[in-house]
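Breakdown of the fold
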Amino acid sequence: MIPRLALATLGLGAACALPVPLQAAACEDVDYEGLSYTICEVDPASDDLRLFLTDGNGGLYGSFQAIDREIDGEALVFAMNAGMYHPDRRPVGQYLENGEEVMRLVTNAGPGNFGMLPNGVFCINDDTAQAIETLRYEREAPECRYATQSGPMLVIDGELHPRFLPDSTSRNIRNGVGTTDSGDRAVFAIANQPVTFHEFGSFFRDHLELPQALYFDGNVSRLHAPGLGRSDFGFAMGPIVGVLAPVDEARPDG
């Protein structure tokens, strides 16, 4: 398990002018069925939601801090890892960045969680964000500005993945995203203690009431939520999903 740390907010003197991100992507801690989760809700029509993989020099970001360092006049107000990747941190399946395909769609079954069909694709357009089952994504070919493939799907058309077992003993810190069918609402969640697939999928379906949900990972599950004083750390990551917001220079008092 990757170690995680909730970073404390630094208290600085009033004379210092600090860049303060404008509010977007509301995050909060919630409890359901005796388990704790942190969720961040995004409005795809108004929040600047995007994927991050390659930096301006052609390298891989790998961390939330690397993204923040490169973006001028904006800051990450929310981010999490977003899909499985190879040891070199390149995406395992479909990955689009700014409309350009970095990795093709993978439709066949395979080893590991990614290959536990049905899996899916998280598709971000100008004003929508949708978790879409892979074969439906292939068939309908939606227009996506950003896309990342992962698996398994947690919830498909209001039903839990058929291979999830209520009495499973396989637990992990897990993260993923759930959406409405229309894509007008996206909720990202990370478990704050190990959970089963069945528990995690049920959280999206029964508590968040979202008909589609996609698993991102369970070996590498990290959240950046500065509004909660949290920015998890660990080994370098592959694809990252996040929301950017302008920063407002805080004025010193007096």
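Residues numbered from 1 in each chain as written. Predicted model: local features only at pLDDT ≥ 70, side-chain atom pairs only at ≥ 80, totals over all residues. Heavy atoms only, no water.

**Re unusual backbone geometry**
Across the junction of L117 and P118, the peptide omega takes the value 0 degrees, indicating a cis bond. Following the sequence through the fold, P118 ends up in the loop between β7 (100-103) and β8 (120-124). Here the amide bond leading from G151 into P152 is cis, since omega sits at 5 degrees, within 30 degrees of zero. Along the chain, P152 falls in the loop between β10 (146-150) and β11 (153-156). With a phi angle near 55 degrees, E33 is a residue other than glycine that sits in the positive phi range. You can see E33 is positioned in the loop between β2 (26-32) and β3 (35-42). Since its relative accessible area comes to 65%, E33 is described here as exposed. Unlike most non-glycine residues, R89 shows phi in positive territory, near 75 degrees. Relative to the elements of secondary structure, R89 occurs in the loop between β5 (74-81) and β6 (95-97). Judged by relative accessible area, R89 falls into the partly exposed class, the value being 21%. (Helix = DSSP H or I, 4+ residues; strand = E, 2+ residues; numbered from the N terminus. Buried < 20%, exposed > 50% of the residue type's maximum accessible area, 1.4 Å probe, protein only.)

**Some words on the pairing of strand β13 (residues 175-179)**
With 5 of 5 residues buried, β13 lies mostly within the body of the structure. Alignment of β13 against strand β14 (residues 186-191), held across 5 bridges, turns out to be antiparallel. The residue bridging N175 from the neighbouring strand is I190, located in β14. As paired elements, β13 and strand β15 (residues 212-217) share 5 bridges and run antiparallel to each other. Each bridged residue has a counterpart across the sheet, and for N175 the counterpart in β15 is D217. (Pairing = 2+ DSSP bridges.)

Treat this as a map of the structure, not an account of what it does.
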